[in-house]
Amino acid sequence: MVMAGLAAQAVEGAAVTALRSVLHRARQAAERSGRRADDVRVVAVGKTKPSSLVRQVYDAGHRCFGENYVQEIIDKAPQSNKVKSLLAAVPNLAMVEGVGNEKIANYLDRAVSSLGRKPLKVLVQVNTSGEASKSGIEPSGCVELVKHVKLECQNLEFSGLMTIGMPDYTSTPENFRMLSSCRSEICRALGMEEHKCELSMGMSGDYEQAIELGSTNVRIGSTIFGPREYPKKQAN
């Protein structure tokens, strides 16, 4: 038991060290793009890691965390795969990324309304790589979806756009430039200032490049916490 505890502490210490490295590299990338470090938010994504490991990073001073799946953030919230469950279980939820169609937007809007909480910030997901396996609105439809969120979803606060690059990074710069173009188009159509429309793009393998291309929000999981761990399937 003691050895296991020491091993866990070693892993947790590694996560804090990795976080500091990510923040340093993110700051350098921001400076290369002519921005301040404060212009870029680093979201630490816990994925399958235990809440104790996430807590260690929190205790080191980090305050922005995310999860890819609803159940994971509910399990790690101080109060414990539905949107309403998420909103009820995590009252301090700051933002939901990945609103890729009107149906999701409407469902979120109703869920927020039924709980009587303040409007929820959302990012519209754009499928910039054109992969059928990815969620998100096609770039050609982003203006209409954003209009719907802003005009028809009174309990949602449109905060920007997000995208996920291709796994092999072959088209990452194109994907990121496409998202930036979508932002420009949206801001022209809706009379918004571009600095008020976030760009969430970049993960462990490409966050520095994403920041250099204008990202304001990077989602870092494995670089901080290690690779995702799936439970082993039981033999029949």
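Cut-off values and rules
Residues numbered from 1 in each chain as written. Predicted model: local features only at pLDDT ≥ 70, side-chain atom pairs only at ≥ 80, totals over all residues. Heavy atoms only, no water. Helix = DSSP H or I, 4+ residues; strand = E, 2+ residues; numbered from the N terminus. Buried < 20%, exposed > 50% of the residue type's maximum accessible area, 1.4 Å probe, protein only. Areas by Shrake-Rupley, 256 points an atom, 1.4 Å probe, with all protein chains shown as cover. Core = buried A, V, L, I, M, F, W, Y, C linked by side-chain atoms within 4.5 Å. Contact = heavy atoms within 4.5 Å. Phe/Tyr/Trp six-rings, centres within 6.5 Å; stacked < 30°, edge-to-face > 60°. Lys NZ or Arg CZ within 6 Å of the ring centre and 35° of its normal. UniProt positions renumbered as here; feature names shortened; annotations may be inferred. Axes fitted to C-alpha atoms, helices over the stretch in contact; angles between N-to-C directions. Parallel < 35°, antiparallel > 145°, perpendicular 65-115°, else oblique. Left-handed = near helix turned anticlockwise from the far one by under 90°. Pairing = 2+ DSSP bridges. 1 Å grid on protein atoms, 1.4 Å probe; cavity = no way out; pocket = protein on both sides within 12 Å on 5 of 7 lines; lining within 4 Å. Points joined across faces, edges and corners; volume = space filled by probe spheres on them. Nonpolar A, V, L, I, M, F, W, Y, C, P; charged D, E, K, R; others polar.

1. Points about the overall build of the protein
For step 1, the next point in the chain: Summing up its helical and strand segments, the protein has nine helices and seven strands in all.
For step 2, the next point in the chain: Per-residue burial for the protein yields a buried fraction of 44% across its 236 residues.
For step 3, the next point in the chain: Carbon together with sulfur atoms contributes 51% to the accessible area of the protein, which is approximately 13000 Å² in total.

2. Focus: the nonpolar core
For step 1, the next point in the chain: Judged by nonpolar contacts, the single largest core of 34 residues is most densely connected at Leu120, Val122, Val124, Val149, Leu156, Phe158 and Leu161.
For step 2, the next point in the chain: Residues within four places of Phe158 in sequence aside, it is in contact with Val122, Val124, Val146, Val149, Lys150, Met192 and Cys197.
For step 3, the next point in the chain: Ranked by size, the runner-up nonpolar core spans 18 residues in total, among them Ala44, Val54, Tyr207 and Phe225.

3. Re the packing of aromatic side chains
Pairs of aromatic rings are described using the distance from one ring centre to the other and the angle between the two planes.
For step 1, the next point in the chain: Per the counting criterion, the structure on display carries one aromatic pair.
For step 2, the next point in the chain: Both rings, one in Tyr58 and one in Phe65, keep their centres 6.4 Å apart while their planes meet at 35°; by these two values the pair is tilted.
For step 3, the next point in the chain: For the cation-ring pair, Arg63 lies above Tyr58, with the distance from its terminal atom to the ring centre recorded as 3.7 Å.

4. Digging into the side chain of Thr172
For step 1, the next point in the chain: Mapped onto the fold, Thr172 is located in helix H7 (residues 172–190).
For step 2, the next point in the chain: Setting aside anything within four residues of it in sequence, one finds Thr172 in contact with Met166, Asp206 and Gln209.

5. Some details on the environment of Leu199
For step 1, the next point in the chain: When you line up the elements, Leu199 lands in strand S6 (residues 198–200).
For step 2, the next point in the chain: In the structure, Leu199 is positioned 36 residues away from Thr163 in sequence and 8.2 Å away in space, judged by C-alpha atoms.

6. What about the UniProt feature "modified residue: N6-(pyridoxal phosphate)lysine" (unreviewed entry) in the protein?
For step 1, the next point in the chain: As recorded in UniProt, the sites labelled "modified residue: N6-(pyridoxal phosphate)lysine" (unreviewed entry) are Lys47.
For step 2, the next point in the chain: Residue placement: Lys47 occurs in the loop between strand S1 (41–45) and helix H2 (51–59).

7. Remarks on the packing of helix H6 (residues 142–152) against H7
For step 1, the next point in the chain: Two elements in contact, H6 and H7, have axes whose closest approach is 9 Å; the angle formed by their N-to-C orientations is 55°. Between H6 and H7, the angle is such that the two are oblique. The handedness of the crossing between H6 and H7 comes out as right-handed. Between H6 and H7, the residues in contact are Cys142, Val143, Val146, Lys147 and Lys150 and Cys182, Glu185, Ile186, Ala189 and Leu190, respectively.

8. So, the environment of Cys197
For step 1, the next point in the chain: In this fold, Cys197 is placed in the loop between H7 and S6.
For step 2, the next point in the chain: Overall, the relative accessible area of 1% leaves Cys197 in the buried class.
For step 3, the next point in the chain: Apart from the residues lying within four places of it in its own chain, the contact partners of Cys197 are Phe158, Ser159, Gly160, Leu161, Arg183, Cys187 and Met192.

9. Observations concerning the pairing of strand S7 (residues 217–220)
Looking along a regular strand, one sees side chains alternate from face to face of the sheet.
For step 1, the next point in the chain: The alternating pattern of S7 places Asn217 and Arg219 and Val218 and Ile220 on opposite faces, both of which are buried.
For step 2, the next point in the chain: As judged from the four bridges shared by S1 and S7, these two strands associate in the parallel manner. Considered in S7, the bridge of Arg41 is made with Asn217.

10. Comments concerning the layout of surface pockets
For step 1, the next point in the chain: Roughly 180 Å³ of internal volume is contained in the second largest pocket.
For step 2, the next point in the chain: In this structure, the second largest pocket is lined by Leu23, Ala26, Arg27, Ala37, Asp38, Asp39, Val40, Arg41 and Val42.
For step 3, the next point in the chain: Those elements giving two or more residues to the lining of the second largest pocket turn out to be helix H1 (2–32) and S1.
For step 4, the next point in the chain: With three residues, H1 is the largest single contributor of residues to the lining of the second largest pocket.
For step 5, the next point in the chain: Grouping the amino acids of the lining of the second largest pocket by side-chain chemistry returns five nonpolar, no polar and four charged.

11. Things to note about the packing of helix H5 (residues 102–115) against H6
For step 1, the next point in the chain: The N-to-C vectors of H5 and H6 enclose an angle of 20°; their axes lie 10 Å apart at closest approach. Here H5 lies roughly parallel to H6, going by the angle between them. In this structure, H5 meets H6 at a crossing whose hand is right-handed. The residues of H6 that touch H5, namely those facing Glu102, Ala105, Asn106 and Asp109, are Leu145, His148, Val149 and Glu152.

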